[in-house]
Amino acid sequence: MSLVPELAILVEKRYLDAQHSLFRFVFNDEDRRKAFSFKPGQFVMLSIFGVGEAPISITSGPDEKGFIDLCVRKAGRVTGVLHELEENARVGIRGPYGNGYPVETMEGGNLLIVAGGLGIAPLRSLIRYVLFRRERFGEVGIGYGARDPESVLFYGEMQNLLERTDINCMLSVDSVPENSRWQGQVGRVTQLLDKITMPLEGTSVAVCGPPVFYKFVLDKLLKLGYSKGSIYMSLERRMECGLGKCGHCVVGHKYTCIDGPIFTYWDAINLPEIF
Amino acid sequence: MIYRTMIKKTLPRFLDTVNKNYRLIVPEQKGKETYTFKPYSGFSNVATEFLRTIIPPKQFFLPPKEDLFHVSGTSDIEVGAEEEPFSIIFGLHSCDLHGIDILDKAFSYGGKDTFYWRRREKTGFIGLSCLPDKYCLCKSMHTDFIVDIYDLFLYTLDEVYMVSVRTALGDDMLRLCPELFREPTGKEIAEYKDRIEERESMFTRIMDITNLADLLTLEYKSDVWEQYSHRCLFCGSCVMVCPTCQCFDVYDSTDLLTDITVRWRRWDACMRKDYALVTGGHNFRGARPERFRFRYLHKEIGFAEMHGKATCTGCGRCSETCPAGIDMVEVVRSIRE
Ligand SMILES: Cc1cc2nc3c(=O)[nH]c(=O)nc-3n(C[C@H](O)[C@H](O)[C@H](O)COP(=O)(O)OP(=O)(O)OC[C@H]3O[C@@H](n4cnc5c(N)ncnc54)[C@H](O)[C@@H]3O)c2cc1C
Ligand code: SF4
Ligand code: SF4
Ligand code: FES
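Predicted, not measured: the structure shown is a model, and the values here were computed from it. (Residues numbered from 1 in each chain as written. Chains lettered and ligands numbered in written order. Predicted model: local features only at pLDDT ≥ 70, side-chain atom pairs only at ≥ 80, totals over all residues. Heavy atoms only, no water.)

A. Structural view of the packing of helix H8 (residues 223-231) of chain B against helix H10 (residues 288-307) of chain B. Residues and elements named next belong to chain B. Remark: H8 packs on H10, axes separated minimally by 8 Å, with the N-to-C direction vectors making an angle of 105°. Accordingly, the angle class assigned to the pair H8 and H10 is roughly perpendicular. Seen from H8, the contacting residues are Trp225, Glu226, Tyr228, Ser229 and His230; seen from H10, they are Arg288, Pro289, Phe292, Arg293, Tyr296 and Leu297. Its residues placed into classes, the contact of H8 with H10 shows six nonpolar, two polar and three charged. (Axes fitted to C-alpha atoms, helices over the stretch in contact; angles between N-to-C directions. Helix = DSSP H or I, 4+ residues; strand = E, 2+ residues; numbered from the N terminus. Parallel < 35°, antiparallel > 145°, perpendicular 65-115°, else oblique. Contact = heavy atoms within 4.5 Å. Nonpolar A, V, L, I, M, F, W, Y, C, P; charged D, E, K, R; others polar.)

B. Spotlight on the confidence of the model for chain B. Per-chain confidence: chain B averages 92 in pLDDT, with 100% of residues scoring 70 or above. Per the prediction output, this complex has pTM 0.92; the corresponding ipTM is 0.89. (pLDDT = per-residue confidence, 0-100.)

C. Quick peek at the site of ligand 1. Taken together, 23 residues form the shell around ligand 1, and within it A:Pro55, A:Arg73, A:Thr79, A:Glu236 and B:Thr279 come nearest. The environment around ligand 1 is built from residues contributed by chains A and B. Contact distances for ligand 1 include 2.7 Å between an oxygen atom and a backbone N or O atom of A:Arg73. For ligand 1, the accessible surface in isolation is 840 Å², of which the surrounding protein chains cover 88%. Elements represented by at least two residues in the shell around ligand 1 include exactly strand E4 (52-57), strand E5 (68-73) and helix H2 (77-84) of chain A. The element best represented in the shell around ligand 1 is E4(A), accounting for five residues. Residues belonging to the shell around ligand 1 are distributed by class as follows: 12 nonpolar, four polar and seven charged. (Near = heavy atom within 4 Å. Polar contact = N/O pair within 3.5 Å; in protein donor to acceptor, adjacent residues only side chain to side chain. Areas by Shrake-Rupley, 256 points an atom, 1.4 Å probe, with all protein chains shown as cover.)

D. Region of interest: the sheet that holds strand E7 (residues 152-156) of chain B. Residues and elements named next belong to chain B. Taken in spatial order, the eight strands make up an open sheet running E3-E2-E5-E6-E7-E8-E1-E9, and their pairing is mixed. Of all strands in the sheet, those bounded by a partner on one side alone are strand E3 (35-39) and strand E9 (181-182). Contacts from helix H2 (residues 94-106) reach strand E5 (87-92), strand E6 (123-128) and E7, with the element oriented near 135° to E5. (Pairing = 2+ DSSP bridges.)

E. View of the pairing of strand E2 (residues 23-29) of chain B. Residue and element names in this part refer to chain B. Extensive coverage of E2 is indicated by the burial of five of its seven residues. Sheet topology note: the E2/E5 ladder contains three bridges and is parallel. Of the residues in E5, the one forming a bridge with Leu24 is Ile88. With five bridges joining them, E2 and E3 adopt antiparallel strand pairing. Each residue of the ladder has a partner; that of Val26, found in E3, is Lys38. Hairpin connection, E2 to E3: the antiparallel pair is bridged by five residues. (Buried < 20%, exposed > 50% of the residue type's maximum accessible area, 1.4 Å probe, protein only.)

F. Looking closely at the site of ligand 2. All residues adjacent to ligand 2 are B:Cys232, B:Leu233, B:Phe234, B:Cys235, B:Gly236, B:Ser237, B:Cys238, B:Met271, B:Cys322, B:Pro323 and B:Ala324. Grouping the amino acids of the shell around ligand 2 by side-chain chemistry returns nine nonpolar, two polar and no charged.

G. Broad picture of the interface of chain A and chain B. Listed per partner, the contact involves 38 residues of chain A and 49 residues of chain B. Taken together, the connections running from chain A to chain B amount to one salt bridge. Where A:Glu53 meets B:Arg263, a salt bridge forms, and the shortest distance between an N and an O atom there is 3.5 Å. Between chain A and chain B we count 23 residue pairs in polar contact (both at pLDDT 80 or more) in total. Elements supplying a minimum of two residues to the side of chain A that touches chain B: strand E1 (6-15), strand E3 (43-48) and E4 of chain A. When grouped by side-chain class, the residues that make up the side of chain A that touches chain B number 18 nonpolar, 10 polar and 10 charged. (Salt bridge = Lys/Arg side-chain N within 4 Å of Asp/Glu carboxyl O.)

H. Representation of the pattern of salt bridges within the structure. Using the criterion set out here, one finds 39 salt bridges over all chains in the structure. Notably, a salt bridge pairs A:Arg134 with A:Asp166, separated by 3.6 Å at the nearest N-O pair. A residue pair is termed long-range when its members are at least 10 positions apart, and A:Arg134 in the loop between helix H4 (120-132) and strand E8 (140-146) and A:Asp166 in the loop between helix H5 (155-163) and strand E9 (168-173) qualify at 32 residues. Overall, the relative accessible area of 29% leaves A:Asp166 in the partly exposed class. Residue B:Arg265 is joined to B:Asp113 by a salt bridge in which the shortest nitrogen-to-oxygen separation is 3.0 Å. Of this pair, B:Arg265 sits in strand E11 (residues 260-267) while B:Asp113 sits in the loop between H2 and helix H3 (114-120); the two residues are 152 residues apart in sequence, bridging distant segments of the chain. Just as B:Arg265 is buried, B:Asp113 falls in that class too. Each member of the salt-bridge network shares a partner with another, and the members are A:Glu53, A:Arg94, B:Asp252 and B:Arg263.

The following block contains the structure:
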């Protein structure tokens, strides 16, 4: 039912770094657990009763059934309390919401994924979707940038991707503090885009990261010659309902929660107040 | 559709009968020139010649504050049962019926809002014709006339009401006292035509909305927004009284003694400073001109792009209510010039 979540249990909590943890939830209701399906790029509204709700992207892959993984940054009230929760705590979840990435359109072509910081959360779901059916995609490139080596999320998984020959994956960090070890690139994530070369024809680009990141990456992608219509970005807006009713996420004439959060760059620049 | 006439003097009998069968809600006079919708308490309190209530009928489907569910540390999530009887709202003018039509669309787009619809589905409408005052803008917004949404619509003539029966529910109401209704005569039809014409000529306020969506987009960076935003107090009154403003916020409160959490929602206004603020401090619409402009853009373009209809019904409430004397017609004229 709209606006009414379903009970779920926090079954596992994995520390990623001081700001981020990975949380695994299962619905109390077994039928719901089995029936829950979603597309990469969709999100849920996570409730902590007595505190409130927050929209969070699903970071597990759509083929992983029975649970929902959320990668959450400690940012405010709801997310703050979430980080304090012990395993077996009760929460509420409703969703999935939003349009998700147009995976049907992306299949059959090449895919370039560009993530900055926590932007990896929804893209990790897309990556898992691709890994599960790698043969349906042409060339696949992944560029992931973080502030420093400490803040590379899912480092182990990234390491596995770096080793694969059927995926061109590259990591970079803005800077490396002394006494820190780093073997990847140093510099802005945009520099990776010079190295991960993909044909311009038939390539979809999925981008997600903080506002400054978008600014640089989109600029770079246009310079490289990608079409605005082939670049997919995920917008962040204030959300109270996730259902296209409360009005808070409206950009121009679109609701980020139901018409988005994934928009092509072309659609996005046609909305006023986009950044 | 069927048309009937009813002698005006028999309206009390009709409403008394409707009230026995449904929960009847009617307009009542509140202050000198203010009106409000109230449960029926006898015909003597019913206002039949009035223009706009302070709070529009949206209050019945989207209450200013409403509980969504309760939950405790161990209980299931419980959605409060809504045991309201079937209601009939009497005295809705064309603009307010259009307002309900717009809310119906808004609360259906992308999936039905169950809280809105569980009340809306149990409500019928008796419309009532009106004559415009200096604030009415419905003619410009093409909402001065309506052919759906209502169950019955009463057009006021000299001696009788011309009654348009739109739905089976309307017919049911008629059949509660069939003796009050009869076929319209030729003379009554002629009088009805005269009245429409007469009413049309009474509109003094006209807002030119030709290509308004284009103009607002082209004048996105106009100084007009800046100028008005200095006058606007950002009190949100225009939003609260608007029949189609639907925004809300969601909250939790926990009773410390019982450990029961209630989640509730409350009307919100896009004019508010932190309306578009996200965690981390980024505000997508923090500046005053941006907030002022947004309401106009959303009223005139946003919704129309999706549903082919602007969300302003021209009811005039915002212009009448604004403490700063800001008038939509004036704002649109400034944009046009
Ligand atoms: C589509 C989408 C996907 C997201 N995915 C993730 C993710 O995977 N991981 C992650 O860590 N974060 C994600 N976020 C951001 C996350 O929703 C905010 O960090 C979170 O809402 C903060 O809530 P809070 O109560 O902890 O913060 P507070 O600052 O205490 O929140 C106060 C109020 O502001 C509202 N609010 C504040 N910021 C936002 C916002 N950005 N979006 C919606 N409502 C907001 C809250 O609903 C709350 O009512 C996503 C946001 C969106 C819109
Ligand atoms: S009622 Fe008038 S002063 Fe108040 S927010 Fe609306 S336009 Fe501004
Ligand atoms: S914007 Fe003003 S005139 Fe238009 S429907 Fe809302 S309150 Fe009425
Ligand atoms: S979050 Fe409420 S309308 Fe999008």
